[in-house]
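The primary structure of each chain is shown beneath.
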Amino acid sequence: MKTIIIILSFVLFSCAEHKPHDTATAKVITEYYIQEFLVSPSTAEFSQMEANKIGEHKYHVSGCVDSQNGFGAMMREYFSVDVEFSPDGTKSEFSNLEL
């Protein structure tokens, strides 16, 4: 019982300290978004990712993704996208995708 209370306290404390959006969040959510366009998303390996704040709740994210194509060969794609978070950080919207 004490273990459950300690874990619950940790989770609640962690959530209270979490920013709704930042450059790290923009990178992670962009990885999930880019995987939607890949033939084999489970093979995706991201590198050279950069996120720059371009507005109050908006970030520009770019980088590379290596993943298998339909023939099983690893291919590198360069991508660039803008991600905008709602003020409370619960929603995100993507625009200007270049892949």
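Structure: above.
Below: a short report on this structure. The numbering scheme is per chain: residues are counted from 1 as the chain's sequence reads. The predicted origin of the model limits local features to residues at a pLDDT of at least 70 and limits the giving and counting of side-chain atom pairs to 80 or more, whereas totals for whole chains, interfaces and linings rest on all residues. Only hydrogens and water are set aside; all other atoms, that is, all heavy atoms of the structure, feed into the side-chain values.

Description of the overall build of the chain
Thought 1: Helix and strand definitions here come from DSSP, where helices need a minimum of 4 consecutive H or I residues and strands a minimum of 2 consecutive E residues; each element is numbered from the N-terminal end. Of regular secondary structure, the chain possesses two helices and four strands.
Thought 2: Taken from the N to the C terminus, the helices and strands of the chain come in the order α-α-β-β-β-β.
Thought 3: To sort residues, take the accessible area from a 1.4 Å probe on protein chains only and compare it with the maximum for the residue type: under 20% means buried, over 50% means exposed, and anything in between is partly exposed. Relative to its 99 residues, the chain shows a buried fraction of 27%.
Thought 4: Whether two residues touch is decided by their heavy atoms; if any such pair falls within 4.5 Å, the residues are in contact. The contacts in the chain between residues at least 6 apart in sequence include a share of 41% that link residues at least 24 apart.
Thought 5: The Shrake-Rupley method, run with a 1.4 Å probe sphere, supplies the accessible areas, and residue values consider only the shown protein chains as cover. Carbon and sulfur atoms provide 57% of the accessible area of the chain, an area that totals close to 6,900 Å².

Here's the deal with the pattern of salt bridges
Side chains carrying opposite charge are able to pair once their charged atoms draw close together.
Thought 1: Between Lys or Arg on one side and Asp or Glu on the other, a salt bridge is scored when a side-chain nitrogen of the former is within 4 Å of a carboxyl oxygen of the latter. Taken as a whole and judged by the stated rule, the model has one salt bridge.
Thought 2: Measuring nitrogen to oxygen at the nearest pair gives 2.8 Å for the salt bridge that ties Arg76 to Asp66. In this pair, Arg76 sits in strand β3 (residues 74–85) while Asp66 sits in strand β2 (residues 58–68), placing the two residues 10 residues apart along the sequence.

Brief notes about a nonpolar patch on the surface
Thought 1: Each patch is built from residues lacking any salt bridge and having more than 30% relative accessible area; the joining distance is 9 Å for like charges and 5 Å for nonpolar side chains (Val, Leu, Ile, Met, Phe, Trp, Tyr). A cluster of nonpolar side chains, namely Phe37, Leu97 and Leu99, defines an oily patch on the protein surface of about 250 Å² accessible area.
Thought 2: Relative to the assigned elements, Leu97 resides in strand β4 (residues 92–98).
Thought 3: Classification of Leu97 by relative accessible area gives partly exposed; the value is 30%.

Overview of the nonpolar core
Thought 1: We define the nonpolar core as a collection of buried residues of types Ala, Val, Leu, Ile, Met, Phe, Trp, Tyr and Cys that are connected through side-chain atoms lying within 4.5 Å of one another. If you look at the biggest cluster of nonpolar residues, it comprises 15 residues, and the most contacted ones within it are Phe46, Val61, Val65 and Phe79.
Thought 2: Of all the secondary-structure elements, those providing two or more residues to this core are α2 (23–35), β1 (45–53), β2 and β3.
Thought 3: With four residues, β3 is the single largest residue contributor to this core.
Thought 4: Setting aside anything within four residues of it in sequence, one finds Phe46 in contact with Glu31, Ile34, Gln35, Cys64, Val65 and Phe79.

Considerations on the side chain of Ser67
Thought 1: Looking at the secondary structure, you find Ser67 in strand β2.
Thought 2: According to the relative accessible area criterion, Ser67 is buried, its value standing at 5%.

Observations concerning the sheet that holds β2
Thought 1: Any two strands are treated as partners once DSSP identifies two or more bridges connecting them. The antiparallel open sheet is built from four strands, whose spatial order is β1-β2-β3-β4. Here the strands that pair on one side only, and so sit at the sheet edges, are β1 and β4. Taken over all neighbouring pairs, the strand axes of this sheet differ in orientation by 25 degrees on average, direction set aside.
Thought 2: Across five bridges, the pairing between β3 and β4 is antiparallel. Its bridge partner being in β4, Val83 is matched across the sheet by Phe94. Lines fitted to C-alpha atoms define the axes here, with helix axes fitted over just the stretch in contact, and angles between the N-to-C directions of these axes take values from 0 to 180 degrees.

Here we look at the environment of Ser42
Thought 1: Within the secondary structure layout, Ser42 lies in the loop between α2 and β1.
Thought 2: Ser42 sits 25 residues away from Ser67 along the chain, and the two C-alpha atoms are 8.1 Å apart.

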